[in-house]
Amino acid sequence: MRTVITYGTYDLLHYGHIELLRRAKEMAGGGRLIVGVSTDEFNTQKGKTSHFEYSKRKKMVEAIRYVDLVIPEEDWSQKPADIQHHSVDLFVMGDDWQGEFDDLSAFCEVAYISRTPEISSTVIKQAIHQTAPKNKDAGHE
Ligand code: C2G
């Protein structure tokens with residue numbers, strides 16, 4: 001029974017996010033998965049804007065069967081305190097972050113797992129933009 005933690009914006013939730021969370025939960029071996037969801041303010045620090053505000057992104061991630069607890073991610077430096085406060089055994093991130101959080105191995109195991117290729121919030125935004133009807137009244141469907 002282990003506690004696993006991961007962090008992210010989780011905007012425009014998609015199957016790449018779900019697969020990451022499914023595998024992170026699996027690595028808990030029957031234990032629990034904590035997700036630090038980036039607040040809107042922290043997204044600004046990350047240079048990201050999200051379509052959905054924090055409260056909505058939190059609600060959606062909380063609804064995922066693999067997730068046991070959602071906490072706010074407010075800055076880059078909170079991870080060691082989170083790991084200690086929640087007695088985390090394993091920190092997991094997608095491998096687009098490979099090596100970026102190796103310093104956390106002072107506090108818990110660190111693992112990077114492969115991203116799901118071809119899908120991202122950006123791809124979804126582009127797809128919606130391309131298929132959106134050109135008719136000016138379309139917004140009132
Ligand atoms: N992810 C994935 N496959 C995708 C897209 C995302 O596995 N096709 C993973 C990412 O690797 C990450 C998680 O889903 O582990 C959340 O991705 P984002 O919401 O894009 O999070 P990010 O902006 O990378 O923020 O402190 C860490 C940061 O908050 C991470």
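None of the values given here were measured: they were computed from a predicted structure.

(A) Representation of the overall build of the chain. From N to C terminus, the chain includes five helices and five strands. Tracing the chain from N to C terminus, the helices and strands come up as β-α-β-α-α-β-α-β-β-α. Principal-axis analysis of the C-alpha atoms places the extent of the chain at approximately 55 × 30 × 25 Å. The buried share of the chain, taken over its 141 residues, is 41%. Residue pairs in contact within the chain that sit at least 24 positions apart in sequence constitute 64% of those at least 6 positions apart. For the chain, the computed accessible surface area is about 8,200 Å², with 53% contributed by carbon and sulfur atoms. Across the chain, the 17 positively charged side chains and the 22 negatively charged ones have centroids separated by 5 Å.

(B) Representation of the packing of aromatic side chains. Per the counting criterion, the structure on display carries five aromatic pairs. The interplanar angle of 75° and the centroid separation of 5.0 Å between the aromatic rings of Phe42 and Trp76 together place this pair among those described as edge-to-face. A residue pair is termed long-range when its members are at least 10 positions apart, and Phe42 in helix α2 (residues 40–46) and Trp76 in the loop between β3 (69–73) and α4 (79–85) qualify at 34 residues. Phe42 sits in the buried class, given a relative accessible area of 0%. Since its relative accessible area comes to 41%, Trp76 is described here as partly exposed. Centroid distance Trp97 to Phe101: 5.3 Å. Interplanar angle 35°. Geometry classified as tilted. Overall, the relative accessible area of 9% leaves Phe101 in the buried class.

(C) Seen up close, the nonpolar core. Val4, Leu21, Leu33, Val35, Val61, Val67 and Val92 are the most contacted members of the largest nonpolar core, which has 18 residues in total. Looking at this core, the elements that each hand over two or more residues are α1 (15–26), β2 (32–38), α3 (54–62), β4 (90–94) and β5 (109–113). Every residue in contact with Leu33, bar those within four places of it in the chain, is listed here: Val4, Ile5, Thr6, Leu21, Ala24, Lys25, Tyr66, Val67, Asp68 and Leu69. Counting residues in each nonpolar core, the second largest holds twelve residues, with Phe91, Leu104, Cys108 and Tyr112 among its members.

(D) Geometry of the sheet that holds β4. Taken together, the five strands give an open sheet; going across it, the order is β3-β2-β1-β4-β5, and neighbouring strands pair in parallel fashion. Either end of the sheet is taken by a strand with one partner, and the two such strands are β3 and β5. Pairs of neighbouring strands in the sheet enclose a mean axial angle of 25°, with direction left out of account. With five bridges connecting them, β4 and β5 associate as parallel partners. Within the sheet, the bridge partner assigned to Met93 lies in β5 and is Tyr112.

Parameters at a glance
- Residues numbered from 1 in each chain as written.
- Predicted model: local features only at pLDDT ≥ 70, side-chain atom pairs only at ≥ 80, totals over all residues.
- Heavy atoms only, no water.
- Helix = DSSP H or I, 4+ residues; strand = E, 2+ residues; numbered from the N terminus.
- Buried < 20%, exposed > 50% of the residue type's maximum accessible area, 1.4 Å probe, protein only.
- Contact = heavy atoms within 4.5 Å.
- Areas by Shrake-Rupley, 256 points an atom, 1.4 Å probe, with all protein chains shown as cover.
- Lys, Arg positive; Asp, Glu negative; His and termini not counted.
- Charge placed at Lys NZ, Arg CZ, Asp CG, Glu CD.
- Phe/Tyr/Trp six-rings, centres within 6.5 Å; stacked < 30°, edge-to-face > 60°.
- Core = buried A, V, L, I, M, F, W, Y, C linked by side-chain atoms within 4.5 Å.
- Pairing = 2+ DSSP bridges.
- Axes fitted to C-alpha atoms, helices over the stretch in contact; angles between N-to-C directions.

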